Amino acid sequence: MARAHDEIRGRLGRVGVWTFAFDALRPRAIAEDVRSVEALGFPSLWIPEGGGSSDVLTSLSWLLGATERLTIASGIANITARAPEVLARGAAFLTEAYDARLVLGVGVGHEYTTERRGREWADPLERMRGYLDAMDEAAGDRPPSPRVLAALGDGMLRLSAGRALGAHTYFVPPEHTAHARSVLGPEAVLAVEQGVMLTPDADGARRSGRAWTTHYLDLPNYARNWARLGFEDELSGGGSDRLVDAALAWGNVDQAVARVKAHLDAGADHVCVQLILDDESDFGLAWFQELTPALLAL
């Protein structure tokens with residue numbers, strides 16, 4: 001197992017890219033942007049499967065086919081979106097077809113998307129465990145796709161260490177990364193998302209940042225996670241200034257890179273950077289070009 005963990009660390013690299021922008025773009029524009037990520041030298045890119053996203057297996061296939069070296073990761077494939085055997089076999093096919101450039105992030109999603117699909121939001125930890133059991137049974141003799149689990153709380157983090165190669169955390173400060181590493185232990189992979197806004201204007205950054213954090217703090221799992229981190233009285237209205245500052249790195253390139261380094265120093269193996277922009281369809285290539293040399297030097 002140690003070899004499998006190290007292979008995923010190598011494929012993801014120390015720093016990668018995370019983006020929602022592809023949800024709003026046409027296929028050809030997506031292919032151009034993902035090839036730009038590869039050309040910049042990033043080793044990996046993460047895409048979501050949110051409430052407005054395309055089917056993640058379709059998106060993963062398109063991105064893998066548009067690139068030659070880039071590792072593509074799902075952040076995350078939602079277990080309510082498809083049967084476990086469909087995800088297991090689809091991911092195994094892509095892993096074989098594209099020389100193991102796929103990292104399969106799997107997660108339970110959120111209460112509102114689960115109920116919208118006609119499912120009950122009961123005992124997410126047990127539902128995830130059962131889903132993984134069914135995935136493993138469906139895989140049969142095929143080599144399983146390397147997977148990580150979306151995790152915030154200790155129970156899901158422990159499951160990530162035991163039933164996957166590690167965890168993918170989202171919307172967390174370095175303090176959570178240090179705690180996650182202590183729960184996961186030294187072997188499991190820890191891949192952390194970090195939101196970044198390249199602006200020196202504190203008021204403007206917090207205003208834009210709060211527009212972004214409001215949605216997440218309305219979701220119980222994220223709100224509970226920030227409460228556990230000592231922000232229980234700072235969750236309303238999109239969060240306090242202190243919470244926005246803890247969640248999102250704003251300022252110049254050096255400040256953004258310092259936050260990424262703080263996660264790495266706290267125990268992350270990999271940090272995937274998401275640019276928070278007013279235009280959700282803007283991938284932010286110009287900003288990534290400015291960030292790339294310093295990020296890839298970490």
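See the structure above.
Residues numbered from 1 in each chain as written. Predicted model: local features only at pLDDT ≥ 70, side-chain atom pairs only at ≥ 80, totals over all residues. Heavy atoms only, no water.

**Student:** Just to check I follow, could you spell out the overall build of the protein chain for this structure?
**Tutor:** The helix and strand inventory of the protein chain stands at 13 helices and 10 strands. Over its C-alpha atoms the protein chain spans a radius of gyration of 18 Å, differing by no more than 12% from the 19 Å that the globule rule assigns to 298 residues. When its C-alpha atoms are laid out on the principal axes, the protein chain stretches across 55 × 40 × 35 Å. The buried share of the protein chain, reckoned over its 298 residues, is 53%. Put simply, 73% of the contacts in the protein chain that link residues at least 6 apart link residues at least 24 apart. On the protein chain, roughly 12800 Å² of surface is accessible, and the fraction owed to carbon and sulfur atoms is 50%. (Helix = DSSP H or I, 4+ residues; strand = E, 2+ residues; numbered from the N terminus. Rg over C-alpha atoms; globule rule 2.2 N^0.38 Å. Buried < 20%, exposed > 50% of the residue type's maximum accessible area, 1.4 Å probe, protein only. Contact = heavy atoms within 4.5 Å. Areas by Shrake-Rupley, 256 points an atom, 1.4 Å probe, with all protein chains shown as cover.)

**Student:** How do you make sense of the pattern of salt bridges when you look at a structure like this?
**Tutor:** One side chain can pair with another of opposite charge once the charged atoms of both are near each other. Within this structure, the stated rule accounts for 15 salt bridges. Its salt-bridge partner being Asp136, residue Arg147 comes within 2.9 Å of it at the nearest N-O pair. In this pair, Arg147 sits in strand E6 (residues 147–150) while Asp136 sits in helix H6 (residues 124–139), placing the two residues 11 residues apart along the sequence. Its relative accessible area of 10% is what places Arg147 among the buried residues. Of the residues examined, Asp136 reaches a relative accessible area of 35% and is grouped as partly exposed. Residue Arg163 pairs with Asp136 through a salt bridge whose shortest N-O separation is 3.0 Å. Pair noted here: Arg163 is in helix H7 (residues 154–163) and Asp136 is in helix H6, with a separation of 27 residues, a long-range link. One salt-bridge network, held together by shared partners, links Asp6, Arg9, Arg181 and Asp269. (Salt bridge = Lys/Arg side-chain N within 4 Å of Asp/Glu carboxyl O.)

**Student:** I keep staring at the side chain of Thr177 and nothing clicks. Help me out?
**Tutor:** Here Thr177 lies in helix H8 (residues 174–184). By relative accessible area, which is 1% here, Thr177 ends up buried. Once you skip the residues sitting within four places of it in the chain, Thr177 turns out to touch Val172, Leu190, Val192, His263, Ala266, Gly267 and Ala268.

**Student:** Hey, could you run me through the pairing of strand E5 (residues 102–107) in this one?
**Tutor:** Along a regular strand, successive side chains alternate from one face of the sheet to the other. Here E5 lies mainly inside the structure; six of its six residues are buried. Here E5 shows a buried face lined by Leu102, Leu104 and Val106 and a second buried face lined by Val103, Gly105 and Gly107. Pairing of strand E3 (residues 71–74) with E5, which is carried by two bridges, proceeds in the parallel orientation. Paired with Ala73 across the bridge in E5 is Val103. Strand direction decides the pairing type here: strand E4 (residues 77–78) and E5, joined by two bridges, are parallel. Across the sheet, Ala77 pairs through a bridge with Val106, a residue of E5. Crossover connection from E4 via helix H4 (residues 84–97) to parallel E5: handedness right-handed. In terms of strand pairing, E5 meets E6 through three bridges, oriented parallel. Looking across to E6, one finds that Leu104 is bridged to Arg147. (Pairing = 2+ DSSP bridges. Right-handed = clockwise from strand over helix to strand, strands pointing away.)

**Student:** Help me out: how do you make sense of the packing of H6 against H7 in this one?
**Tutor:** For any two helices packed against each other, the geometry is given by the interaxial angle and the distance between the axes. Closest axis-to-axis distance for the H6/H7 pair is 10 Å, and the angle between their directions is 15°. Viewed along their axes, H6 and H7 adopt a mutual orientation that is roughly parallel. Relative to H7, H6 is oriented so that their crossing is right-handed. Contacts from Pro124, Leu125, Met128, Arg129, Leu132, Asp133 and Asp136 of H6 reach H7 at Gly155, Met156, Leu159 and Arg163. Classifying every residue of the contact of H6 with H7 gives six nonpolar, one polar and four charged. (Axes fitted to C-alpha atoms, helices over the stretch in contact; angles between N-to-C directions. Parallel < 35°, antiparallel > 145°, perpendicular 65-115°, else oblique. Left-handed = near helix turned anticlockwise from the far one by under 90°. Nonpolar A, V, L, I, M, F, W, Y, C, P; charged D, E, K, R; others polar.)

**Student:** What's the story with unusual backbone geometry in this structure? I'm lost.
**Tutor:** In most cases, non-glycine residues show a negative phi, while peptide bonds are predominantly trans. With an omega of 15°, the peptide bond running from Gly75 to Ile76 counts as cis. Of note, Ile76 is situated in the loop between E3 and E4. Positive phi is not limited to glycine here, since Asp99 has a value of about 50°. One non-glycine residue, Ala100, lies in positive phi territory at about 60°.

**Student:** Sorry, what's going on with the environment of Asp201 here?
**Tutor:** Looking at the element boundaries, Asp201 is found in the loop between strand E8 (189–197) and helix H9 (202–217). Linking Asp201 and Ala39, residues 162 residues apart in sequence, is a C-alpha distance of 30 Å. There is a polar contact of 3.2 Å between the side chain of Asp201 and the backbone nitrogen of Gly204. (Polar contact = N/O pair within 3.5 Å; in protein donor to acceptor, adjacent residues only side chain to side chain.)

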